[in-house]
Amino acid sequence: MIIVNVDVMLARRKMSSGELAEKIGISPANLSILKTGRAKAVRFSTLSALCSALECQPGDLLEFREE
């Protein structure tokens, strides 16, 4: 199972979801789908934009756990 830790990085950066969505150019609804782990895929361009906006690495946002 892949866990998405966008909320953790948002808290560390003291940034709101709305601010992040605006910075990376996606809708707040799509960011919510990603944050809650309901997304089936993530484009590399979106992952890159997230990393740039949150000043982090992909491994800070995505985590693998055995089910």
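All values derive from a computational prediction rather than experimental measurement. (Residues numbered from 1 in each chain as written. Predicted model: local features only at pLDDT ≥ 70, side-chain atom pairs only at ≥ 80, totals over all residues. Heavy atoms only, no water.)

**Student:** Is there a simple way to explain the environment of S16 in this structure?
**Tutor:** Mapped onto the secondary structure, S16 falls in the loop between α1 (6-13) and α2 (17-24). S16 sits 42 residues away from P58 along the chain, and the two C-alpha atoms are 19 Å apart. Here E19 takes part through its backbone nitrogen, which lies 3.0 Å from a polar atom of the side chain of S16. (Helix = DSSP H or I, 4+ residues; strand = E, 2+ residues; numbered from the N terminus. Polar contact = N/O pair within 3.5 Å; in protein donor to acceptor, adjacent residues only side chain to side chain.)

**Student:** Sorry if this is basic, but what is going on with the environment of L34 here?
**Tutor:** Tracing the backbone shows L34 in helix α3 (residues 28-35). Here L34 falls in the buried class, since its relative accessible area comes to 7%. A sequence separation of 24 residues divides L34 from P58, and the C-alpha atoms of the two residues are 14 Å apart. Beyond its immediate chain neighbours, meaning those up to four positions away, L34 contacts V4, A39, V42 and L50. (Buried < 20%, exposed > 50% of the residue type's maximum accessible area, 1.4 Å probe, protein only. Contact = heavy atoms within 4.5 Å.)

**Student:** Looking at this model, I keep getting lost on the nonpolar core. Mind explaining?
**Tutor:** Generally speaking, nonpolar side chains in soluble globular proteins are found buried as a group. The biggest cluster of nonpolar side chains holds 17 residues, and the ones touching the most others in it are V6, L20, L31, L50, L54 and L61. At the level of elements, α1, α2, α3 and α4 (44-54) are the ones that each hand at least two residues to this core. Of all the elements, α4 adds the most residues to this core, at five residues. (Core = buried A, V, L, I, M, F, W, Y, C linked by side-chain atoms within 4.5 Å.)

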